[in-house]
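This is what each chain is made of:
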Amino acid sequence: MGRTAEIQRKTNETSIVLQLNLDGTGISDINTGIGFFDHMLNSFARHGFFDLKLNVVGDLHVDAHHTVEDTGIVLGQAIKAALGDKKGIKRYGDSVLPMDETLVLCAIDLSGRPYLVYDVSLTVERVGYMDTELVKEFFYAISYAAGMNLHLKLLHGSNNHHIIEALFKAFARALDEAIGQDTRISDVLSTKGTVD
Ligand SMILES: [Mn+2]
């Protein structure tokens, strides 16, 4: 049995349907209306071996903000719901990921406590039809909705497409590690006894 979640969320700004299987193989079917964002979410699914089905109808006539932010909220909620009681998982995960001239770091603690540290400078306003400032909004929304301590740091790089794509791939790989089962962990990995 895979760890799965299905979430539907509808507001005046976005209408989202998302299905996630954390124990998938990386199959995705994603349509947010923003081509570059779809490309990033496909990379996330593929490199984390998550199955992700996602349809977003957002108010793109305003701008991409609500669509990207609300997708982060729903994906974070789905990660939290699919993980359930977090028994037997490694809890921590990290990745240092290269992409040509770019090198990024991602570290995760599924502590139950939301916190984002985002140390990434982007030098262009937009990649495709996605504003680069929304990358931070997306990861902030995930970290708060999932209850996740998330660090993202740009170590080196210049091409904004590469930097953003490397962030999504590093996040996927770090999350895949953090949700991984370790047979030595019989309960939750915390001296406190809980990671809620
Ligand atoms: Mn690319």
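Now for a quick tour of the structure. Note that the coordinates shown come from a computational prediction; the quantities given were computed from them, not determined experimentally. Residues take numbers from 1 onward in each chain, read along the sequence in its written order. Only residues with pLDDT of at least 70 get local features here, since the model is predicted, and only at 80 or more are side-chain atom pairs given and counted; chain-wide, interface and lining totals rely on the full set of residues.

### Quick word on the sheet that holds strand 2 (residues 14–21)
- Read across the sheet, four strands follow the order 1-2-4-3 without closing on themselves; strand pairing throughout is mixed. Looking at which strands have only one partner, the edges of the open sheet turn out to be strand 1 (4–10) and strand 3 (28–31). In this sheet, neighbouring strand axes are inclined to one another by 5° on average, regardless of whether the strands run parallel or antiparallel.
- Note on pairing: two strands pair once DSSP finds at least 2 bridges between them. In this description a helix means any DSSP run of H or I spanning at least four residues, a strand means any run of E spanning at least two, and both kinds are numbered starting from the N terminus. Of the pairings in the sheet, the one linking strand 2 to strand 4 (residues 51–58) comprises eight bridges and is antiparallel in character. Each residue of the ladder has a partner; that of Ile16, found in strand 4, is Val56.
- On the sheet, helix 1 (residues 35–48) packs against strand 3 and strand 4 and is oriented at approximately 160° with respect to strand 3.
- Residue pairs are scored as contacts if the distance between their C-beta atoms, which are placed from the backbone, is within 7 Å. Each axis is a line fitted through C-alpha atoms, and for a helix only the stretch in contact is used; angles between axes span 0 to 180 degrees, taken between their N-to-C directions. The strands that helix 2 (residues 65–83) touches are strand 1, strand 2 and strand 4; relative to strand 2, the one it contacts most, it runs at about 35°.

### Some remarks on the nonpolar core
- In terms of nonpolar packing, the biggest core is built from 55 residues, with Ile142, Leu167 and Phe171 touching the most fellow members.
- At the level of secondary structure, the elements contributing two or more residues to this core comprise strand 2, helix 1, strand 4, helix 2, strand 6 (102–109), helix 3 (134–146), strand 10 (149–156) and helix 4 (160–178).
- Top element by residues in this core is helix 4. It accounts for eleven residues.
- The residues touching Phe171, leaving out its near neighbours within four places in the chain, are Phe44 and Cys106. Remark: nonpolar core denotes a set of buried Ala, Val, Leu, Ile, Met, Phe, Trp, Tyr and Cys residues whose joining runs through C-beta atoms within 7 Å. Whether a residue is buried, exposed or partly exposed is read from the other C-beta atoms within 10 Å of its own C-beta, which are placed from the backbone; 20 or more gives buried, 12 or fewer gives exposed, and intermediate counts give partly exposed.

### Looking at the packing of helix 2 against helix 3
- Relative to each other, helix 2 and helix 3 sit at 30°, their axes nearing to 7 Å. When the interaxial angle is binned, helix 2 and helix 3 end up roughly parallel. Where helix 2 crosses over helix 3, the handedness of that crossing is right-handed. For the pair helix 2 and helix 3, contact is made by His65, Val68, Glu69, Gly72, Ile73, Leu75, Gly76, Gln77, Ile79 and Lys80 and by Leu134, Glu137, Phe138, Phe139, Ala141, Ile142, Tyr144, Ala145 and Ala146, respectively.
- Taken together, the residues that form the contact of helix 2 with helix 3 break down as twelve nonpolar, four polar and three charged. Should an angle fall under 35 degrees it is called roughly parallel, over 145 degrees roughly antiparallel, and 65 to 115 degrees roughly perpendicular, with every other angle called oblique. In this scheme the crossing of two helices becomes right-handed for a clockwise turn of the near helix relative to the far one and left-handed for an anticlockwise turn of less than a right angle. For this classification, the nonpolar set comprises Ala, Val, Leu, Ile, Met, Phe, Trp, Tyr, Cys and Pro, the charged set comprises Asp, Glu, Lys and Arg, and every other residue, Gly included, is treated as polar.

### Description of the environment of Gln8
- Relative to the helices and strands, Gln8 is located in strand 1.
- As for Gln8 and Leu18, which are separated by ten residues in sequence, their C-alpha atoms are 6.4 Å apart.
- Dropping the residues within four chain positions of it, Gln8 is found in contact with Ile16 and Val17.

### Some details on helix 2
- Expected span of a helix: the number of residues minus one, times 1.5 Å. Helix length check: helix 2, at 19 residues, gives a terminal C-alpha distance of 27 Å against a target of 27 Å (1.5 Å per residue), a fit within 8%.
- Counted residue by residue, helix 2 has 15 buried out of 19 residues, so it is predominantly covered.
- Trailing helix 2 by a residue or two, Gly84 shows a phi angle of about 60°, which is positive.

### Let's talk about the sheet that holds strand 10
- Across the sheet, which stays open at both edges, the four strands sit in the order 5-6-10-7 with mixed pairing between neighbours. With one partner strand each, in any of the chains shown, strand 5 (92–99) and strand 7 (115–119) form the two edges of the open sheet. Neighbour to neighbour, the strand axes of the sheet diverge by 10° on average, direction disregarded.
- Bridging between strand 7 and strand 10 involves five bridges; their strand directions are parallel. Bridge pairing in strand 10 links Val117 to His151.
- Strands in contact with helix 3 are strand 7 and strand 10; relative to strand 7, the strand with the most contacts, it is inclined by about 160°.
- Together, strand 5, strand 6 and strand 10 form the strand contacts of helix 4, whose direction differs from that of strand 5 by roughly 150°.

### What to know about the pairing of strand 1
- Inspection of the sheet shows strand 1 paired to strand 2 by seven bridges, in the antiparallel sense. Note that in strand 2 the partner of Gln8 across the bridge is Val17.
- Connecting strand 1 to the next strand, strand 2, in antiparallel fashion are three residues.

### Here's the deal with helix 3
- Between its first and last C-alpha atoms helix 3 spans 18 Å; for 13 residues at 1.5 Å apiece the expected length is 18 Å, and the two agree.
- Residues of helix 3 that are buried include every one of Leu134, Val135, Phe138, Phe139, Ala141, Ile142, Ser143, Ala145 and Ala146, and no others.
- Buried residues in helix 3 make contact with helix 2, strand 7, strand 9 (130–131), strand 10 and helix 4.
- Directly after helix 3, the chain includes Gly147, whose backbone phi takes a positive value near 70°.

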